[in-house]
Amino acid sequence: MKIEEKRNKINNELKIYINESSFISNKCRNQLLKMFSEEFSLDLDIDNYKNVDLTINEDYSFTYREDTYHSKDKIKSFEDIEERYEKFKEKADKLIKRKDIDFDGKRNINNITNLIVVVCILLFYLIIILLSIHAFFTGKYIDCFWLVFIIVPRLFPNLKENLDNRFQQAKIYFKTKKKK
């Protein structure tokens, strides 16, 4: 493989690492950039920029956010860059693997939380119904009216829509669990 092709491959991998770490968080991306700057002896201006681009140039300099940086340790050959890049790559893989997001675990936690909320809402409905029935049979029609038609809609304006959405999520969760 030619040096130009290797350099392009490294630049593409750098973009991938930056994008993956940015997807996790800005803090992770900044840690990745610090590791890169330490490995290549650079003084990169690491801040919470929205867009970050890092490339290795033909003259062994580095372009970061359209600024050119030179290594404090003189880089004499492309093999030196490859060596340093491999060390950086190992550290970056460890960082991204450690910070990687577990979507399945998070989804399961969200589904269980949804089930708990559905049960709480149903208990709330049951309590409201029991209180309104008690108020109706004890002759406190005003209390029943206030409870059912004024207080509940004020406290929970979109209660029916939210409950419908949560029931749909719970139904989907139970269907997926049933299939497994």
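Every chain begins its residue count from 1, and numbering advances along the sequence as written. Only residues with pLDDT of at least 70 are given local features in this predicted model, and only at 80 or more are side-chain atom pairs given and counted; all residues enter the totals for whole chains, interfaces and linings. Think of the side-chain values as coming from all heavy atoms in the structure, minus any hydrogens and water.

(A) Inspection of a nonpolar patch on the surface at higher detail. A cluster of nonpolar residues, Ile129, Ile133, Phe136, Phe137 and Tyr141, forms a patch on the protein surface that exposes about 560 Å² of accessible area. Put simply, DSSP H or I for four residues or longer makes a helix, DSSP E for two residues or longer makes a strand, and each gets a number counted from the N terminus. Counting residues per element, the nonpolar patch draws most heavily on helix H4 (residues 103-137), which supplies four residues. Examined against the element boundaries, Phe137 turns out to sit in helix H4. Exposure categories follow from relative accessible area, calculated using a 1.4 Å probe and restricted to protein chains: below 20% of the type maximum is buried, above 50% is exposed, and the middle band is partly exposed. A relative accessible area of 67% means that Phe137 is categorised as exposed. The patch calculation keeps residues exceeding 30% relative accessible area without a salt bridge and links them within 9 Å when they carry like charges or within 5 Å when they are nonpolar (Val, Leu, Ile, Met, Phe, Trp, Tyr). To measure how exposed things are, a 1.4 Å probe is used in the Shrake-Rupley method; for residues, cover is taken only from the protein chains shown. Here, a salt bridge means any Lys or Arg side-chain nitrogen found within 4 Å of an Asp or Glu carboxyl oxygen.

(B) Quick peek at the side chain of Glu39. Secondary-structure assignment places Glu39 in helix H2 (residues 26-39). For Glu39, the side chain forms a polar contact with the side chain of Lys91, separated by 3.1 Å. For Glu39, the contacting residues outside a window of four places in its chain are Arg84, Lys87, Phe88 and Lys91. Under the rule applied, a polar contact is a pair of N or O atoms within 3.5 Å (in protein, one hydrogen donor and one hydrogen acceptor; residues adjacent in sequence only if both atoms are side-chain atoms). Any two residues whose heavy atoms approach within 4.5 Å at even a single point are treated as in contact.

(C) Fine view of the nonpolar core. Nonpolar core, defined: a set of buried Ala, Val, Leu, Ile, Met, Phe, Trp, Tyr and Cys residues in which side-chain atoms within 4.5 Å join the residues together. By size, the foremost hydrophobic cluster in this structure holds 27 residues, and its most contacted members are Leu14, Leu32, Phe36, Phe40 and Phe88. Among the secondary structure elements, those contributing two or more residues to this core are helix H1 (3-24), H2, strand S1 (54-56), strand S2 (62-64) and helix H3 (78-99). At seven residues, H3 tops the list of elements feeding residues into this core. Phe88 has contacts with Leu14, Tyr17, Leu32, Met35, Phe36 and Glu39, leaving out every residue within four places of it along the chain.

None of the figures reported here should be taken as evidence of function without further support.
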